[in-house]
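Structure at a glance
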Amino acid sequence: METNVPGIYAIGDVVPTQALAHLASHEGIVAVSHIAGRDIEPINYDLVPNCTYCVPEVASVGLSEEAARERGYDVITSKFPYAAAGKATILARTRALLSW
Ligand SMILES: Cc1cc2nc3c(=O)[nH]c(=O)nc-3n(C[C@H](O)[C@H](O)[C@H](O)COP(=O)(O)OP(=O)(O)OC[C@H]3O[C@@H](n4cnc5c(N)ncnc54)[C@H](O)[C@@H]3O)c2cc1C
């Protein structure tokens, strides 16, 4: 998180990574750890968890299908009928598909 000016650090929305609160916090920990001279585990930006507040809510981690294809991965996608999830039945919202 150190900028091209030695001793000046940047974290959170001011750096061109995903604009997420938990990522900003982790970048802050990395920056402070570096300042303190501790060993640092670099952040793997491919593994930042996300929540999408749609209905139904979706949690995700890893590359999107598009990003994975751009990197040359052979991508397999799947779809899951939301009706098969207990929560969908409880909410009486069974007409949806989850895909990954
Ligand atoms: C509407 C909205 C919804 C969001 N929802 C989510 C979500 O559900 N989950 C999630 O993970 N992320 C969410 N985010 C993104 C998340 O809020 C940001 O990624 C995160 O707050 C970035 O942290 P930060 O410390 O970089 O910036 P900020 O949290 O914006 O902190 C910057 C601070 O600096 C202060 N400041 C600015 N200028 C000065 C100055 N000149 N002098 C002193 N202080 C200054 C500001 O007042 C502010 O307190 C959302 C953002 C928005 C706008």
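We now turn to the structure provided with this report. (Residues numbered from 1 in each chain as written. Predicted model: local features only at pLDDT ≥ 70, side-chain atom pairs only at ≥ 80, totals over all residues. Heavy atoms only, no water.)

**Topic: the overall build of the protein**
- Along the backbone of the protein there are 3 helices and 4 strands.
- Starting at the N terminus and walking to the C terminus, you meet the elements of the protein as α-β-β-α-β-α-β.
- With the principal axes as the frame, the protein shows a C-alpha extent of 55 × 35 × 25 Å.
- When the 100 residues of the protein are sorted by exposure, 18% land in the buried category.
- About 7800 Å² of surface is accessible on the protein, with carbon and sulfur atoms providing 58% of the total. (Helix = DSSP H or I, 4+ residues; strand = E, 2+ residues; numbered from the N terminus. Buried < 20%, exposed > 50% of the residue type's maximum accessible area, 1.4 Å probe, protein only. Areas by Shrake-Rupley, 256 points an atom, 1.4 Å probe, with all protein chains shown as cover.)

**Describing the pattern of salt bridges**
- A full pass over the atoms with the stated rule returns 2 salt bridges.
- The residue Arg71 makes a salt bridge to Asp46 at a minimum N-O spacing of 2.8 Å. A residue pair is termed long-range when its members are at least 10 positions apart, and Arg71 in the loop between α2 (65-70) and β3 (79-81) and Asp46 in the loop between α1 (21-35) and β1 (50-52) qualify at 25 residues.
- Glu65 is the partner of Arg69 in a salt bridge, and the nearest nitrogen-oxygen pair spans 3.0 Å. With Arg69 and Glu65 both in helix α2 and 4 residues apart, the pair spans about one turn of that helix.
- Glu65 sits in the partly exposed class, given a relative accessible area of 40%. (Salt bridge = Lys/Arg side-chain N within 4 Å of Asp/Glu carboxyl O.)

**Quick look at the side chain of Ser33**
- The topology assignment puts Ser33 in helix α1.
- Excluding residues that lie within four positions of it along the chain, Ser33 makes contacts with Arg38 and Ile40. (Contact = heavy atoms within 4.5 Å.)

**Considerations on the side chain of Glu27**
- Looking at where Glu27 falls in the secondary structure, it is placed in helix α1.
- Side-chain polar atoms of Glu27 contact the side chain of Thr17, separated by 2.9 Å.
- Of the polar contacts made by the side chain of Glu27, one reaches the side chain of Tyr45; its length is 2.7 Å. (Polar contact = N/O pair within 3.5 Å; in protein donor to acceptor, adjacent residues only side chain to side chain.)

**Describing the environment of Val15**
- Among the structural elements, Val15 can be located in the segment before α1.
- Along the backbone, Val15 and Glu27 are 12 residues apart, and their C-alpha atoms lie at a distance of 9.8 Å.

**Looking at the site of the ligand**
- Near the ligand the following residues occur: Gly12, Asp13, Ala19, Leu20, Ala21, His22, Ala24 and Tyr53.
- For the ligand, an oxygen atom lies 3.2 Å from a polar atom in the backbone of Leu20.
- Residue Ala21 places a main-chain N or O atom 2.8 Å away from an oxygen atom belonging to the ligand.
- Out of a free accessible area of 1000 Å², the ligand has 26% covered by protein chains. (Near = heavy atom within 4 Å.)

**Looking at α1**
- Spanning 15 residues, α1 covers 21 Å between terminal C-alpha atoms, matching the ideal 21 Å at 1.5 Å per step.
- For α1, every residue scored as buried is listed here: Leu23, Ala24, Glu27, Gly28, Val30, Ala31 and Ser33.
- After α1 finishes, the residue Gly37 shows a positive phi value of roughly 80°. (Expected span 1.5 Å × (residues − 1).)

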